Amino acid sequence: MRNILRSLLCIAVPGAVVSWAEAGEPNGHSIVDNVVLDLSTTADGVTACLSTVQGAKLSGPYGVAVTALSAPAAWDEALPKTVAVEEDYFTLPLRIDLKRRGGTAEPGRVQFEVGACQPQGMCIPVELAVDTARIALASHSAPCAG
Amino acid sequence: MKANRRELLIGFGAAMLTGGLSRLAEAAAPGSWVLYISAADCRVGRTWEYDHRAAFVQGLQKNGIGFRTVTVSSLRDPREDAAWPADLKWIRDSYPNMKGTPWFFLISGRTIQIAANSTDMWRTRLAPMAA
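Because the structure is a prediction, the values reported are computed rather than measured.

Conventions adopted
- Residues numbered from 1 in each chain as written.
- Chains lettered and ligands numbered in written order.
- Predicted model: local features only at pLDDT ≥ 70, side-chain atom pairs only at ≥ 80, totals over all residues.
- Pairing = 2+ DSSP bridges.
- Helix = DSSP H or I, 4+ residues; strand = E, 2+ residues; numbered from the N terminus.
- Axes fitted to C-alpha atoms, helices over the stretch in contact; angles between N-to-C directions.
- Contact = placed C-beta atoms within 7 Å.
- Core = buried A, V, L, I, M, F, W, Y, C linked by C-beta atoms within 7 Å.
- Buried ≥ 20, exposed ≤ 12 C-beta atoms within 10 Å, placed from the backbone.

Digging into the sheet that holds strand β2 (residues 66–72) of chain B
Residue and element names in this part refer to chain B. One open sheet holds the 4 strands; their spatial order is β2-β1-β3-β4, and the pairing between them is mixed. The open sheet terminates on both sides in strands that have one partner only, identified here as β2 and β4 (111–116). Going across the sheet, the axis of each strand differs from the next one's by a mean of 20°, ignoring polarity. Bridging between strand β3 (residues 103–108) and β4 involves 5 bridges; their strand directions are antiparallel. The residue bridging S108 from the neighbouring strand is T111, located in β4. Sheet strands touched by helix α2 (residues 43–62): β1 (33–39) and β2. Its angle to β1, the strand with the most contacts, is close to 165°. In the packing of helix α4 (residues 119–126) onto the sheet, contacts are made with β1, β3 and β4, and the angle to β4 comes to roughly 130°.

See the structure below:
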């Protein structure tokens, strides 16, 4: 019986870790439809680092739309805002800095929307949302060194 | 008279080919046409247009298959109402969860025979019709 329970635990724990890592946002890390978002805190706000896996690309003309899903007044710029380039695709990793309004540390939910062009030959809109409260204790190092 | 293994394989291959072609012919009945949905900000679609569109349309015409295009403003909304001509909206309405671009449809009468939402699917399912 103990062996069976141990086996079940061995199956369940890695499964839980995988689903937590893929769908969740531990320390501001999310992966959706081959788009990877890493959000980390900086002295005056947050830094988002967008990259991809599996050969996906981010459409330049589609851009990256940044939206404050809550507490929009906490940011030192008008949101939503869209960053776009004329080139077919963004050069990755793509770093976006968001400054907080003077001294504010109010947590909020921020969404990044991109046009993700998949290796199968299609481009789809992808939304990644992160709760900034979750990254309060995350690494302060810049995540976009690539 | 004994058929050897090679002859059997050739026969099997021929039967598969004949079956495949007849299925394609059935799918692309006279009066069929292909609808292509693209978006101004979809570089995958733009690349397909540059690399394959002319030859594909020419091949379709040769086989009596038409070709139409709907271009939406952004891949964000391939169902953009203003971009769809009234006579094609029934196709859009058949796919309420249409997401991203490009899309390819093979239409016969008022029936969608094939729907493909990537250039990979186009290559395997629609490109043979222009061969």
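Right, picking up where we left off after that structure.
What to know about the nonpolar core
All names here are of chain A. L50, V114 and A116 are the most contacted members of the largest nonpolar core, which totals 49 residues. A total of 6 residues in this core trace back to one element, the largest contributor, which is strand β9 (residues 122–131). In this view, V114 contacts V35, L50, L58, Y62, V64 and V126; residues no more than four positions away in its chain are not counted.

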